[in-house]
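These are the residues of each chain, in order.
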Amino acid sequence: MSVSALPKTDTTPKQLVTAALVAAAWLVIALLYLGGVAFLVPPLLLIATAALLRGGRTVLDRLMLATGLLLGLTCLGALVFAVWPWGLHPVTAGGTAATTLIVAAARTGRRPRLPRPGATDAIAGLAVAAVGAVVAWPLLRDGRTGRLALVMDGEDLARHAALFDAIGHAGGYLFQHPAQGRTLVYEGMVSYPQGEHVTAALLDGFVRSSAAAHGTGAGMFDHYLAFVAAGYLLLAATLVWAAQWIGAGGLTPARMVPVAGGIAALCAFGELLDLVRFGYPSQVLGLAEAVMLLTVLIRPVPRPRQQLLLVAALLAAVGFTYYLYLPPVGLAAILWLMRERRRHRGRRIPALALAIAVTSAVPLAIGVLVAGQAGALLSVGSLKVGREGLAVLLCLVASGMLTRRGRRSRIWRSYALIFVPVAGFAVGMLAVQRLFGSGSGYYANKALFLVLALLLAGTGALALHLPRRPLSVVHLRTASVLMAIVALIGGERAGDRQDHLDARTGWLAGAGVDQFAYARAALGLTPGRPTVVIGDDPGYDSYRLTLFISTLQRTSGAMAGATYHVGPINSPDRLDAVVARMPGPMRLLALSDDAGERAEALRRRHPAVSIEIVRA
């Protein structure tokens, strides 16, 4: 048999190099994991992704595009993580991501390349750092007790932290592990959109350099608060970047200073901070993802296939993180695709993009069709976006868009087109609330937050009023207009405005004496029996503290049947119903002497239940 007759292999030097790079990447990630510094892997993957993408003039552009892509792919990848044997293990997750990047680079022939850092990168970095100082300092200043006390204004954060913890233990989405999920958290959270929680749980494995060590309940809560703060900083960075990206050539570095400063001021002291105070991390991350998506719809990246992949990935990110925003941004994506249909006709990538887009609706379908969450759309709540402030901001942005330059700009015409479904969705929610609900619409106001965010992203329109040539008064004019936005954006009625302003400045001042006492009592409990709090309040404070304690003690699932759907919180018969529904031995935490006497009376009324009473 001649040599020429031997079968030829398809192995090429390029394939060998790719295989070698993949093996090296896995080895490096494994060594970082074993060395306890796996926290280096996510930023390295982010930089590598940014270096392989194209589009944008600044480092910030690339990092934001890469972040949006990775968020969407993480939400999709977690569907696989939940069923493969390794769960959220940092080595397998990081190695898979690195393999995908290396193979993508080999197939496209792209070499890693980043733009040179510039003035706008520094401006955005300083603006986000200022927001970070306002958000992080109160969380760091007073230690663990102060942190817990500060975030106990709303009850939702307790459920979000419990969901984050449960996903870490389950190794993926709880809706893929419903039986295990119901033992870890309240059943209603099993079908809740979990993109934010699974992303945080995955990153937590890198931070801890472990897929199994979850720490104490208090330590877990500290870690989750760090991810909550990071999510809010991502939102601030997204808004600054979106204003810069949409403003394009009209925003020189000098003009970007007051724009970034105004957005940073609103993030630090405006209504957006309420999303952190009341504990809405899913909405925060979903809002950032929705703004990223709307931004690239308004001003697409120049490469069509990359644009379609970004749009599809961000649709998935929104759908898995906070699907309330999926209908308006999904409609915006359809409007954009109809406008750009000739450019993308005949390409193979739309099939993949369509598959990802359809998958993005999975959490929405589960929540609405299986869990019946549509009934919550008419809920009432205290969260509110000021209408007057929105109107002022709308007028300011529209004034720039109506200039001659604004009317001629394809980017600003796209902004107007994309704004229609976003505003229309919020107006529709408000109308439904007015017709069929009562009070302030909880989710209608959450829809208004997307309108607020899109308007902030459009503040670059103010530069359209300025002449193209530089003037010495440009900075002063722009800063004056933006400071007017800051002053007016609160938008509540006079009394409400003062109450909310006091609460936001209270974030910097720290928690009150009562909150510190509650937090100290919660952290002072030893792990053990499920705990119910008895205080001297009408009921809500005790209920809220009970939720946080169940999260710290990791008893949320065990207590769910006795915590939810047992009557009004302020009902005098509620405690008896709670004790009757407790599945086993329990503990009562009495916050005062009077509460202790009521706890003793409650124990006497239920002699068949093993009840331990402790004093705060």
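A. Structural detail: the overall build of the chain. Counting secondary structure elements, the chain contains 30 helices and three strands. Each of the 616 residues in the chain was classed as buried or not, and the buried ones make up 54%. Here the analysis covers contacts within the chain between residues at least 6 apart in sequence; of these, 80% occur between residues at least 24 apart. Accessible surface for the chain amounts to roughly 26,300 Å². Of this, 65% is attributable to carbon and sulfur atoms.

B. Representation of helix α19 (residues 362–370). Looking only at α19, the buried set comprises Pro363, Ile366 and Gly367. One side of α19 holds all its buried residues, which, seen down the axis, span an arc of 90°. Positive backbone phi, approximately 65°, marks Gly372, located one or two places after α19.

C. Representation of the packing of helix α11 (residues 217–247) against helix α14 (residues 281–298) in the model. The N-to-C vectors of α11 and α14 enclose an angle of 20°; their axes lie 9 Å apart at closest approach. As far as their axial angle goes, α14 and α11 are roughly parallel. When the axes of α11 and α14 are compared, the crossing they make is left-handed. Of the residues in α14, those touching α11 at Tyr224, Val228, Gly231, Tyr232, Leu234, Leu235, Thr238, Leu239, Trp241, Ala242, Trp245 and Ile246 are Pro281, Val284, Leu285, Leu287, Ala288, Val291, Met292, Thr295, Val296 and Ile298. Of the residues in the contact of α11 with α14, the class split is 19 nonpolar, three polar and no charged.

D. Representation of unusual backbone geometry in the model. Residue Ser209 is not a glycine yet carries a positive backbone phi of 50°. Relative to the elements of secondary structure, Ser209 occurs in the loop between α10 (195–208) and α11.

E. Spatial organisation of the nonpolar core. Membership of the largest hydrophobic core comes to 178 residues, with the highest contact counts inside it found for Tyr232, Leu272 and Tyr415. No other element matches α11, which puts 19 residues into this core. The residues contacting Leu272, other than those within four sequence positions of it, are Tyr232, Leu235, Leu239, Cys267, Leu287, Phe449, Leu452 and Leu456. By size, the runner-up hydrophobic cluster in this structure holds 17 residues, among which are Met559, Val578, Met582 and Ile611.

F. Local environment of the environment of Ala457. In this fold, Ala457 is placed in helix α23 (residues 442–457). The exposure class of Ala457 is buried, given its relative accessible area of 0%. Considering only alpha carbons, one finds Ala457 and Ala243, 214 residues apart in sequence, at a separation of 4.3 Å. Ignoring anything within four residues of it in the chain, the contact list for Ala457 reads Leu239, Ala242, Ala243 and Ile246.

G. Expanded view of the environment of Val291. Within the secondary structure, Val291 is located in helix α14. The exposure class assigned to Val291 is buried, which follows from its relative accessible area of 1%. Between the C-alpha atom of Val291 and that of Val329, which follows or precedes it by 38 residues, the distance is 8.9 Å. The contact partners of Val291, leaving out residues within four places of it in the chain, are Thr238, Leu239, Ala242 and Ala453.

What counts as what
- Residues numbered from 1 in each chain as written.
- Predicted model: local features only at pLDDT ≥ 70, side-chain atom pairs only at ≥ 80, totals over all residues.
- Heavy atoms only, no water.
- Helix = DSSP H or I, 4+ residues; strand = E, 2+ residues; numbered from the N terminus.
- Buried < 20%, exposed > 50% of the residue type's maximum accessible area, 1.4 Å probe, protein only.
- Contact = heavy atoms within 4.5 Å.
- Areas by Shrake-Rupley, 256 points an atom, 1.4 Å probe, with all protein chains shown as cover.
- Arc of directions from axis to C-beta.
- Axes fitted to C-alpha atoms, helices over the stretch in contact; angles between N-to-C directions.
- Parallel < 35°, antiparallel > 145°, perpendicular 65-115°, else oblique.
- Left-handed = near helix turned anticlockwise from the far one by under 90°.
- Nonpolar A, V, L, I, M, F, W, Y, C, P; charged D, E, K, R; others polar.
- Core = buried A, V, L, I, M, F, W, Y, C linked by side-chain atoms within 4.5 Å.

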